[in-house]
Amino acid sequence: MSGALRRYWHPVGWEHELGPAPRATMLLGQRVVFWRDAAGLPHAAADQCPHRGTALSLGTVDAQGCLVCPYHGWSYATDGRCTAIPQQTPGARIPERAHLEVYACTPRYGLVWVCLEEPAAPVPAFPEWDDPTYRHVACEAYTWQCGAGRMVENFTDFGHLGYLHDGLLGTRDDLVVPAHRVRTEGTELRYELTMTVPNTNDQFAVTGVTGERGLQTNSYVLSLPYAIHLACRYHDTGAHRTLFFAAQPRSETESTGYCFQSRDFDLDADPEPFAEFQAVLAEQDRPIVESQRPLEIPLDLRHELQLPFDKVAIAYRRALTELLGQPAAGSVGNSSVGAGSVGAAELEPDEAVRGVS
Ligand code: FES
Ligand SMILES: [Fe+2]
């Protein structure tokens, strides 16, 4: 997978699921181990012992917080230094090459985040996390057989909301996507649109809407490469619901989605219906997204059909192209996607299809 992705933070698991034993995961096609040190802080490293390539995730963590290989018992400190080779005579020098490759690792929002190289951007923002007026529900993580870009685009694809999620996120009698524009700023895409939503309170108690349908404004911040913050405002109640979503790119063909649903209404409500709502939506999406070919989004805009209401996907693919340092093939409109840093660009409502053949 592209080396540029190694410079961004990706979630690798829930913090509460990380106990005293090390855990294995995959990130960008690479085996990664993460574990807690003696103070409880998470750390991450290549899941491969420099001695004989054994998976360190099969090992243990000692009282000093060192990772101990299950094969010959060599141990590694959180900075990658080998601290013990029990087969050597006491006091013998530990070779420099007995060094484990370690990665930046930080806990945030109840997730463990890992960056395989020097971070190019901070962990994506989730401002409500520290806001006491909100309640958060961590939804069940889901692993799909697809690239993370497909997962992200599905999360933000307006065209399918009323069709695939008829009665939940929209209705089939109202499928026209409202006009909106996308602004690309650095490594973020921002866009907003107002839509009618069905009242799901009977089944899921999610919207807080009282009538049959409500008007909702959705404000999105898509943090490249694979995170989205969505703030929903319900016009008739003034209540807010936010979704924070981040995908873990395990490989080019497998990804895990982590999602929080947060609200500033019904604060004492049972969290279960909120999580269940997201689980129902995810299970409607999964077979669709896993069926898409290619398994990862094609960045050349000519490879799939782009219509004006697809402008978020267009802007996303263009920004991702630039982030990955790939030549911009099939770019559309006047906004520049040349080499170099991702600049500010705006895609107007009617600009999307120009130049796409
Ligand atoms: S393979 Fe890990 S210590 Fe030998
Ligand atoms: Fe969906």
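Residues numbered from 1 in each chain as written. Chains lettered and ligands numbered in written order. Predicted model: local features only at pLDDT ≥ 70, side-chain atom pairs only at ≥ 80, totals over all residues.

Peer 1: So what exactly am I meant to see when it comes to the domain arrangement of the protein here?
Peer 2: Often, the extent of an interface is quoted as the loss of accessible area upon association of its parts. By domain assignment, the protein separates into domain 1 (3–115) and domain 2 (127–291). Look at where the C-alpha atoms of domain 1 and domain 2 centre, and you get two points 34 Å apart. Of the residues lining the interface, twelve residues belong to domain 1; the matching set on domain 2 comes to 13 residues. Elements that contribute at least two residues to the side of domain 1 that touches domain 2 include exactly β1 (10–14) and β2 (23–27). It is β1 that provides the largest number of residues to the side of domain 1 that touches domain 2, a total of three residues. Of the residues that constitute the side of domain 1 that touches domain 2, the class distribution is nine nonpolar, three polar and no charged. (Domains from an automatic or database assignment. Contact = placed C-beta atoms within 7 Å. Helix = DSSP H or I, 4+ residues; strand = E, 2+ residues; numbered from the N terminus. Nonpolar A, V, L, I, M, F, W, Y, C, P; charged D, E, K, R; others polar.)

Peer 1: Could you clarify how one ought to interpret helix α4 (residues 311–323) in this entry?
Peer 2: Think of an α-helix as turning once every 3.6 residues; residues three or four places apart then point the same way. Helix length check: α4, at 13 residues, gives a terminal C-alpha distance of 18 Å against a target of 18 Å (1.5 Å per residue), a fit within 8%. A large share of α4 lies buried, amounting to 13 of its 13 residues. Immediately beyond the C-terminal end of α4, within one or two residues, lies G325, with a positive phi of roughly 70 degrees. (Expected span 1.5 Å × (residues − 1). Buried ≥ 20, exposed ≤ 12 C-beta atoms within 10 Å, placed from the backbone.)

Peer 1: What exactly am I supposed to notice about the confidence of the model for the protein here?
Peer 2: Parts of the prediction with low pLDDT should not have their coordinates interpreted in detail. Per-residue pLDDT for the protein averages 91, and the proportion of residues at 70 or more is 91%. Long-range and interchain partners of residues 329–343, a stretch whose pLDDT sits below 50, account for 35 contacts in this model, where long-range means more than four residues apart. Low pLDDT (under 50) marks residues 352–357, which in the prediction has 21 contacts with non-local residues, meaning those over four places away or in another chain. (pLDDT = per-residue confidence, 0-100.)

Peer 1: Can you help me understand the nonpolar core in this one?
Peer 2: Grouped burial of nonpolar side chains is what soluble globular proteins tend to show. F34, L67 and V114 are the most contacted members of the largest nonpolar core, which totals 68 residues. At eight residues, the largest contribution of residues to this core is made by α4. The residue makeup of this core includes at least three contributed by each of domain 1 (3–115) and domain 2 (127–291). Beyond its immediate chain neighbours, meaning those up to four positions away, L67 contacts P22, V33, W35, A45, L56, G59, V61, S75 and Y76. Judged by nonpolar contacts, the second largest core, of seven residues, contains F158, L161, L169 and V209. (Core = buried A, V, L, I, M, F, W, Y, C linked by C-beta atoms within 7 Å.)

Peer 1: How do you make sense of the pairing of strand β16 (residues 227–234) when you look at a structure like this?
Peer 2: The two faces of a sheet get side chains in turn, since along a regular strand they alternate between them. Relative to β16, strand β15 (residues 213–223) runs antiparallel, the two sharing eight bridges. Among the inter-strand pairings, N218 is bridged to a residue of β16, identified as C232. Joining the antiparallel neighbours β15 and β16 is a turn of three residues. Hairpin connection of β16 to strand β17 (residues 240–251): five residues between the antiparallel strands, including G238 at a positive phi of 80 degrees. (Pairing = 2+ DSSP bridges.)

Peer 1: Sorry if this is basic, but what is going on with the sheet that holds strand β7 (residues 75–76) here?
Peer 2: Backbone-to-backbone hydrogen bonds pair the strands of a sheet. The strands run either parallel or antiparallel. Across the sheet, which stays open at both edges, the four strands sit in the order β5-β6-β7-β8 with antiparallel pairing between neighbours. Edge strands, defined here as strands with exactly one partner in the open sheet, are β5 (60–61) and β8 (82–84). Pairing of β7 with β8, which is carried by two bridges, proceeds in the antiparallel orientation. Counterpart to S75 in the pairing with β8 is A84.

Peer 1: Hey, could you run me through the environment of T210 in this one?
Peer 2: The residue T210 is located in the loop between β14 (188–198) and β15 in this model. Separated by 24 residues in sequence, T210 and G186 place their C-alpha atoms 39 Å apart.

Peer 1: What should I look at first to understand the sheet that holds strand β10 (residues 111–115) in this one?
Peer 2: Strand order in the open sheet formed by six strands is β1-β10-β9-β4-β3-β2, and the pairing between neighbours is antiparallel. At either margin of the open sheet sits one strand with a lone partner, and together these are β1 and β2. Averaged over neighbouring strand pairs, the angle between their axes works out to 30 degrees when direction is ignored. In terms of strand pairing, strand β9 (residues 102–108) meets β10 through five bridges, oriented antiparallel. Following the sheet pairing, C105 is matched in β10 by V114. (Axes fitted to C-alpha atoms, helices over the stretch in contact; angles between N-to-C directions.)

Peer 1: Help me understand the environment of D268 in this model?
Peer 2: On the secondary structure map, D268 appears in the loop between β18 (254–263) and α3 (272–291). Residue classification places D268 among the exposed positions, given that 5 C-beta atoms sit within 10 Å. D268 sits 133 residues away from R135 along the chain, and the two C-alpha atoms are 8.5 Å apart.

Peer 1: Is there a simple way to think about the environment of Q216 in this case?
Peer 2: Following the sequence through the fold, Q216 ends up in strand β15. For Q216 and G13, which are 203 residues apart along the polypeptide, the C-alpha to C-alpha distance reads 31 Å. Residues contacting Q216, with those up to four places away along its chain left out, are T194, M195, V197, C232, R233, Y234 and H235.

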